[in-house]
Amino acid sequence: HLAHLDAMKEQGVMAVAGPFSEQPDETWRGFCLYTVELEESRRLAESDPSVQAGRVAVEVFNWVTKKGAISFAS
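Quick caveat: nothing in here was measured; it's all calculated off a predicted structure.

Reading the values: rules and limits
Residues numbered from 1 in each chain as written. Predicted model: local features only at pLDDT ≥ 70, side-chain atom pairs only at ≥ 80, totals over all residues. Heavy atoms only, no water. Helix = DSSP H or I, 4+ residues; strand = E, 2+ residues; numbered from the N terminus. Buried < 20%, exposed > 50% of the residue type's maximum accessible area, 1.4 Å probe, protein only. Areas by Shrake-Rupley, 256 points an atom, 1.4 Å probe, with all protein chains shown as cover. Core = buried A, V, L, I, M, F, W, Y, C linked by side-chain atoms within 4.5 Å. Contact = heavy atoms within 4.5 Å. pLDDT = per-residue confidence, 0-100.

### Considerations on the overall build of the protein
Thinking step 1. Secondary structure summary: the protein contains three helices and two strands in total.
Thinking step 2. When its helices and strands are written in sequence order, the protein yields α-β-β-α-α.
Thinking step 3. A buried classification covers 20% of the 74 residues belonging to the protein.
Thinking step 4. Surface accessibility of the protein: about 6000 Å² in total, with carbon and sulfur atoms responsible for 53%.

### Considering the nonpolar core
Thinking step 1. With seven residues, the main nonpolar core is built from Leu 5, Met 8, Val 13, Met 14, Tyr 34, Leu 44 and Ala 45.
Thinking step 2. The set of elements that each furnish at least two residues to this core consists of helix H1 (2–10) and helix H2 (38–46).
Thinking step 3. With residues up to four places along the chain from it excluded, the contact list for Met 14 reads Leu 5, Met 8, Lys 9, Cys 32, Leu 33, Tyr 34 and Thr 35.

### A closer look at the confidence of the model for the protein
Thinking step 1. Scored by pLDDT, the protein comes out at a mean of 91, with 99% of its residues at no less than 70.
Thinking step 2. Highest mean pLDDT in the protein belongs to H2 (97); lowest belongs to strand S1 (residues 14–19) (93).

### Quick word on the environment of Phe 31
Thinking step 1. Here Phe 31 lies in strand S2 (residues 30–34).
Thinking step 2. Residue Phe 31 is classed as partly exposed on the basis of its relative accessible area, which comes to 40%.
Thinking step 3. Separated by 14 residues in sequence, Phe 31 and Ala 17 have C-alpha atoms that sit 5.5 Å apart.

### Considerations on the side chain of Ser 41
Thinking step 1. Relative to the helices and strands, Ser 41 is located in helix H2.
Thinking step 2. Relative accessible area serves as the criterion here: at 7%, Ser 41 is assigned to the buried category.
Thinking step 3. Beyond its immediate stretch of four places on either side in the chain, Ser 41 contacts Tyr 34, Val 36 and Val 60.

### Examining the environment of His 4
Thinking step 1. In this fold, His 4 is placed in helix H1.
Thinking step 2. Along the chain, His 4 and Pro 49 lie 45 residues apart, while their C-alpha atoms are 7.5 Å from each other.
Thinking step 3. In this structure His 4 touches Leu 44, Ser 47, Asp 48 and Pro 49, once residues within four positions along its chain are discounted.

Below, the structure is given as structure tokens:
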């Protein structure tokens, strides 16, 4: 799972990923911000070994924010 996330970051298709802490619902495991279109994001997320093993589920949404509102160090 972690190697998969690292590979997505290295390929430039994911900006950031990480688990939630102190979450009210334990089924909310974490968040991944992909840099590709919705269906490609879904395909990449569903290729995660933890998803394929049934340990985590995927929900994919478009997220919109003002251009330049956030940045990530390279």
